[in-house]
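Residue-level listing of the chains:
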Amino acid sequence: QTGKVTSYKFPSKNGGVASTHGLATDPEGRIWTNNQSSNNLLMFDPKTERFREFLRLDTMPGARNTVVVDQKVHKGIIWSGTVQDGAVKLDPKTGKSVFQNGALRLDPKTAEYSFYPLITGKDTYGVTVDREGHAWFSSPGSDRVDVVDAETGKTAEIAFEPTGPETGMQVTDADKENYVKLFSLQNSATPLHNCPRRIGADLNADVVWVGLYCADKIATIDIH
């Protein structure tokens, strides 16, 4: 009504200010975002104009990018895409660390986090909740979208087939090898990548929409 802009700051390390990336509103009108200095989730209450930080275990990947709130089934449950932050999974055969990402679930009533790793994916960027309460999160670098069953906690994945010469782009044998072997993400993708990300569920239909960042397309997934 007035055009007045008010900024709210959350303190970071060494006297700095925390940066944020994603933002969502819960059914109570509170704002949820991520503290990129600690990779924890933040809640901002517009009524009190105060923040609350929800601390996670250091063994969990961090909530660093997109954030979404379950508005319909499990009202107020928060989901976020993750980035690896101290959580190192070791390969039992080699003893070497394995990059592990997925989605975090936060129950604000108990302050309890749950982590759901990607089945075979590398990175996570984009998360949404469908009208049945299931969480969907995308892995652009792996051409996959994973889904967590809200009742059982079981995870499944959908793989996008690599694009090919039908797109009008030359695809070489080296491109095909790089698609399989390189640790390519959405901003360093090969010509074969689709890069599903920034997904959104239709709360009035059994559909999840997916932006295919590298293929210049959009896709739909029937949630059943």
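*Asks:* How should the sheet that holds strand β13 (residues 144-148) be read in this particular structure?
*Replies:* Hydrogen bonds between backbone atoms are what pair the strands of a sheet, whose relative direction is either parallel or antiparallel. On the basis of which strands lie adjacent, the open sheet formed by four strands has the order β11-β12-β13-β14 and antiparallel pairing. Strands with a single pairing partner mark the edges of an open sheet, and in this sheet they are β11 (127-129) and β14 (155-159). In this sheet, neighbouring strand axes are inclined to one another by 20° on average, regardless of whether the strands run parallel or antiparallel. With five bridges joining them, strand β12 (residues 135-139) and β13 adopt antiparallel strand pairing. What sits directly across from F137, in β13, is D146.

*Asks:* What's the story with the pairing of strand β15 (residues 196-202) in this structure? I'm lost.
*Replies:* Looking along a regular strand, one sees side chains alternate from face to face of the sheet. Judged from the five bridges that link them, β15 and strand β16 (residues 207-212) form a sheet pairing that is antiparallel. From the neighbouring strand, P196 faces β16, where its bridge partner is L212. The hairpin formed by β15 and β16 contains four residues between the paired strands.

*Asks:* I keep staring at the state of the cysteines and nothing clicks. Help me out?
*Replies:* Chemically, a disulfide is nothing more than a covalent bond linking the sulfur atoms of two cysteines. Per the counting criterion, the structure on display carries one disulfide. For C195, the disulfide goes to C214, at an S-S distance of 2.2 Å. Between C195 and C214, the S-S dihedral sits near -75°, and the bridge is therefore left-handed. Of the two residues, C195 is situated in the loop between α1 (173-181) and β15 and C214 in the loop between β16 and β17 (217-222); the sequence distance between them amounts to 19 residues. Overall, C195 belongs to the buried group, its relative accessible area being 0%. On the basis of relative accessibility, which here comes to 26%, the residue C214 falls in the partly exposed class.

Analysis parameters
- Residues numbered from 1 in each chain as written.
- Predicted model: local features only at pLDDT ≥ 70, side-chain atom pairs only at ≥ 80, totals over all residues.
- Heavy atoms only, no water.
- Pairing = 2+ DSSP bridges.
- Helix = DSSP H or I, 4+ residues; strand = E, 2+ residues; numbered from the N terminus.
- Axes fitted to C-alpha atoms, helices over the stretch in contact; angles between N-to-C directions.
- Disulfide = S-S within 2.5 Å.
- Buried < 20%, exposed > 50% of the residue type's maximum accessible area, 1.4 Å probe, protein only.

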